[in-house]
Amino acid sequence: MLILVTGATGKVGRHFIAGLLDDPRFSSTRIRALCHNRSLDETDRVEMARGSIADREVVANALFDVTHVVHLATCKETPGEVMDVTVKGLFWLLEAFRLSPTAQQFILVGGDAAIGHFYYRNDAPLTEAARHRAYPGSYALSKVLEEVMLEQFGIQYDTNWCCLRAPWIMEKDDFRYTLSFGDDVFGGPDWKTLVPEADARRHARQGTMPLLRDADGQPLKRNFVHVDDLVSAILAAIDNPRARQQLFNVCMDRPVDYGEVADHLARTRHLASVDIASQYHSNWMDNAKAKYLLGWQPKYDLKMLIDSAWQYERSKNDPRTVWYPG
């Protein structure tokens, strides 16, 4: 088995490669990492290919002798690059894959942006049957186009594909910084822009938590997944006959409830919270299909997600780095 990993130097890519190399089920598996701007160390089981997936020749060379593809490369709100990477890049990968005599399985990690995550009201849990609904911006549109293209290649050429649709992916102290009123906030909303400047500075100094409320005034429920749980789902999908041409929601069993977050941090760390009104909508991704067909089970619940983020201590050679906007 030779697995081509795109986005190999990112959060999911590095965890996936480490997890696969440590898994005795894949003791003879080799990795080819397609890297563009960053690089990783090569070993006897890990080799590196260089170039952009927007380049057809680069992709064709990278896919030589490959049996499996794990496609992780993506863009955020970068309109100048998003179509080249997520549309053209995926197209070249799928074209080379369908023509390859060694290709066996193509796994894509998608995103809940394809179904609008908290931008639209949903009156029931979001299953894999939820219709595509991109929210404004280029990133969500690219997530829709990825899933549609992948499915259509299955229809056109009987490609053995699997899509793991993930919400916001957390590792290390990420979750803690999603709740920061400072300039170090990770992702959105950008809390400091939603309160007066003096209040934002005070909240950042005191460690006050935002208690985000939905359009109905209730604590917002939003979906997350820890990178370890996502990696375990990818490993469960590899060569799994029940994953053939299937889409799976891969997320925590329950969405993160900002009210429960505030309560837990007040009780365990004596941190205050402040209400933040919004027009966002609570939602609940249903992961039952992945558990049933893949035999997968997330380990992280809300308490573990919070506590692991607050307990994490970064070394000096591991600074927080944001590689993309949005």
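Because the structure is a prediction, the values reported are computed rather than measured.

Asker: Could you give an account of the overall build of the chain, with specific residues and numbers?
Answerer: Counting its secondary structure elements, the chain contains 10 helices and 13 strands. Dimensions of the chain, computed from the C-alpha atoms along their principal axes, are close to 60 × 45 × 40 Å. Taken across its 326 residues, the chain has 53% of its residues classed as buried. Long-range pairs, those at least 24 residues apart, make up 76% of the contacts in the chain with a sequence separation of at least 6. Only carbon and sulfur atoms are counted for the fraction: they give 50% of the accessible area of the chain, which is about 15,000 Å². With 38 positive and 43 negative side-chain charges, the chain shows a separation of 2 Å between the mean positions of the two kinds.

Asker: Kindly report on the UniProt feature "domain: NAD-dependent epimerase/dehydratase" (unreviewed entry) in the chain, identifying the contributing residues and their values.
Answerer: Taking the numbering used here, the UniProt-annotated feature "domain: NAD-dependent epimerase/dehydratase" (unreviewed entry) corresponds to residues 3-166. Summarising residues 3-166: 37% helix, 20% strand, and an end-to-end C-alpha distance of 21 Å.

Asker: Lay out helix α7 (residues 227-237) with the relevant residues and their values.
Answerer: Most of α7 sits out of view: nine of its 11 residues are buried. One or two positions beyond α7, positive phi appears at Asp239, with a value near 60 degrees.

Asker: Pulling in residues and values, what's your account of the layout of surface pockets?
Answerer: Empty space within the second largest pocket amounts to approximately 190 Å³. Lining of the second largest pocket is provided by 15 residues; of these, Arg176, Ser180, Ala204, Gly207 and Met209 occupy positions nearest its centre. Where the lining of the second largest pocket is concerned, the elements lending two or more residues are α5 (174-177) and α6 (197-206). With four residues, α6 is the single largest residue contributor to the lining of the second largest pocket. Along the lines of polarity and charge, the residues of the lining of the second largest pocket split into seven nonpolar, five polar and three charged.

Here is what the cut-offs are and how they apply
Residues numbered from 1 in each chain as written. Predicted model: local features only at pLDDT ≥ 70, side-chain atom pairs only at ≥ 80, totals over all residues. Heavy atoms only, no water. Helix = DSSP H or I, 4+ residues; strand = E, 2+ residues; numbered from the N terminus. Buried < 20%, exposed > 50% of the residue type's maximum accessible area, 1.4 Å probe, protein only. Contact = heavy atoms within 4.5 Å. Areas by Shrake-Rupley, 256 points an atom, 1.4 Å probe, with all protein chains shown as cover. Lys, Arg positive; Asp, Glu negative; His and termini not counted. Charge placed at Lys NZ, Arg CZ, Asp CG, Glu CD. UniProt positions renumbered as here; feature names shortened; annotations may be inferred. 1 Å grid on protein atoms, 1.4 Å probe; cavity = no way out; pocket = protein on both sides within 12 Å on 5 of 7 lines; lining within 4 Å. Points joined across faces, edges and corners; volume = space filled by probe spheres on them. Nonpolar A, V, L, I, M, F, W, Y, C, P; charged D, E, K, R; others polar.

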